[in-house]
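# Coordinates in review
Given next are the chains, with one letter for each unit.
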Amino acid sequence: MKKLALLLVAAVFVFAPVSAQALSVGDWGGWPTIGTQFNDNLSGYLGFAYYGTGTSSNVLAKVDYNLAKLGDVQTKAGVYYTMTSPNTGTALGLTWGASIMAVKNLSVGFDVILARANGTPSSTDVLPGAVMTANLIL
């Protein structure tokens, strides 16, 4: 719990000077996230998950770039990095996805993971899966 509180405090300090009006909380494939919209095209997210009884802490950093908007559907390309502690693995991946504003301040969508490079054990996956996304804009 202490690590989650520390991550949230760090995220507030990182994102607050950028744009306090564009903060969001959400979910990226089961990762609870806090994010911000840096400008009209670029958004970033930090996530943290803690599993087991003191066995594993997981950190996510993700950046999305908005592509074409088709009606109410916003397409996006992104990159993400995950790290699992204690030193059990890292992953770097590329995504393509789409989202729609379901209501005024809630977007829902999906990201297809196009490619992922795992650090431990070393491997590369092409089209390993997809994740559901949701963001509540504060």
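Just above sits the structure.
Notes on the structure follow. Quick caveat: nothing in here was measured; it's all calculated off a predicted structure.

## Concerning the side chain of Asp111
Note that Asp111 resides in strand E7 (residues 106-118). For Asp111, a relative accessible area of 1% corresponds to the buried category. Here the side chain of Asp111 touches Trp28 through a polar contact of 2.7 Å, side chain to side chain. At 3.4 Å, the side chain of Asp111 and the side chain of Lys62 are in polar contact.

## Here's the deal with the layout of surface pockets
Within this model, the largest pocket holds a volume of roughly 510 Å³. Considering the residues around the largest pocket, the lining is formed by 21 residues, among which Gln37, Ser99, Met101, Ser107 and Ile137 are closest to the centre. Every element with two or more residues in the lining of the largest pocket is listed here: strand E2 (31-37), strand E3 (42-51), strand E4 (56-70), strand E5 (73-85), strand E6 (89-103) and strand E8 (123-137). Considering only residue class, the lining of the largest pocket consists of five nonpolar, ten polar and six charged.

## Quick word on unusual backbone geometry
In this model, Leu127 sits at a positive phi of 50°, which is unusual for a non-glycine residue. Judged by relative accessible area, which is 55%, Leu127 ranks as exposed.

Calculation notes
- For every chain, the first residue of the written sequence is number 1, and numbering continues from 1 onward in sequence order.
- Residue-level local features of this predicted model are given only where pLDDT is at least 70; pairs of side-chain atoms are given and counted only at 80 or more, and the full residue set underlies all totals for whole chains, interfaces and linings.
- To obtain the side-chain values, all non-hydrogen atoms of the structure were included, while hydrogens and water were left out.
- Where helices and strands are cited, they refer to DSSP runs of H or I of at least four residues and of E of at least two residues respectively, numbered from the N terminus.
- The classification of residues rests on relative accessible area computed with a 1.4 Å probe and restricted to protein chains. Under 20% of the type maximum is buried, over 50% is exposed, and intermediate values are partly exposed.
- Counted as a polar contact is a pair of N or O atoms within 3.5 Å, where, for protein atoms, one must be capable of donating a hydrogen and the other of accepting one, and residues adjacent in sequence contribute only when both atoms are in side chains.
- Cavities and pockets are found on a 1 Å grid laid over the protein atoms alone: a cavity is a set of points where a 1.4 Å probe fits but cannot escape, a pocket is an open set with protein on both sides within 12 Å along at least five of seven lines, and a lining residue has an atom within 4 Å of such a point.
- Grid points are joined across faces, edges and corners, and a volume is the space filled by probe spheres set on the points.
- Charged residues are taken to be Asp, Glu, Lys and Arg, nonpolar residues to be Ala, Val, Leu, Ile, Met, Phe, Trp, Tyr, Cys and Pro, and polar residues to be all remaining types, Gly included.

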